[in-house]
Amino acid sequence: MPTLTIQVNGTRHTIDAAADMPLLWVLRDRLALTGTKFGCGVGLCGTCAVLIGGKAVRSCTTPIAEVGDREVTTIEGLGAGGPTPLQRAWEAERVSQCGYCQPGQIMNATALLLQNRHPSEAEIDAAMRDNLCRCGTYLRIRRAIQRAASEG
C-alpha cells in the first residue's frame, strides 16, 4: 500500500492506504474521526459530506488519492474555538431529531454559506436538496441556515 499524506482539520496525517480507498473510510477507520457518517455508500444521500478546499464533497465516493494537498474539514474540525454561527443556529432551531444526517447537513450548509453569505430561500433549497433527512427536518434546516446568515 502506498503512503499518502493528507491535511485534515489543520493536522497533517501520513497514512498507508490504497489510492482508491474512499476518504470516508480513511477518516473513520484510519484517523478515528467518526463524526462523518456512512449513509448510502454511493454519494446520493449527503450523510458523508465533508469540505475539501471549502467545497462540500461526498467522502464515500471520493478516493483518497483525489484529495491531494487540499485541506479536508470534517464536522470535528468546525468550531474548534467554539460553535460556529451555523452550529448555534442549528441548536437554536432544534434541527436535530435522530441526528444521523446532521454532520453531512451541517457540512453542506457550511459550504453554501462560504460561497454565498446571504442565500435566498430558493438558493438554500437548491444547495441542500441532495442531502437527505429521514426525519424530515428540512424546514428547520432552512431556518437554521437563514438564522446563521443573518447573524454571521
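Let me begin by describing the structure that accompanies this report. (Residues numbered from 1 in each chain as written. Predicted model: local features only at pLDDT ≥ 70, side-chain atom pairs only at ≥ 80, totals over all residues. Heavy atoms only, no water.)

**Here's the deal with unusual backbone geometry**
Right, on to step 1. Of note in this structure, N9 is not a glycine but carries a positive phi near 50°.
Right, on to step 2. Assignment of secondary structure puts N9 in the loop between β1 (3-8) and β2 (11-16).
Right, on to step 3. The partly exposed category is assigned to N9, whose relative accessible area is 26%.
Right, on to step 4. Of note in this structure, R94 is not a glycine but carries a positive phi near 50°.
Right, on to step 5. The topology assignment puts R94 in the loop between α2 (85-92) and α3 (102-115). (Helix = DSSP H or I, 4+ residues; strand = E, 2+ residues; numbered from the N terminus. Buried < 20%, exposed > 50% of the residue type's maximum accessible area, 1.4 Å probe, protein only.)

**Some remarks on the nonpolar core**
Right, on to step 1. Counting 21 residues, the largest nonpolar core has L86, W90 and I145 as its most contacted members.
Right, on to step 2. If one sorts the elements of this core by residue count, α3 sits on top with six residues.
Right, on to step 3. In contact with I145, other than residues within four places in its own chain, are L86, W90, A109, L112, L113, P119, I124 and M128.
Right, on to step 4. Counting residues in hydrophobic clusters, the runner-up holds 16 residues, among them L4, V26, L27 and I52. (Core = buried A, V, L, I, M, F, W, Y, C linked by side-chain atoms within 4.5 Å. Contact = heavy atoms within 4.5 Å.)

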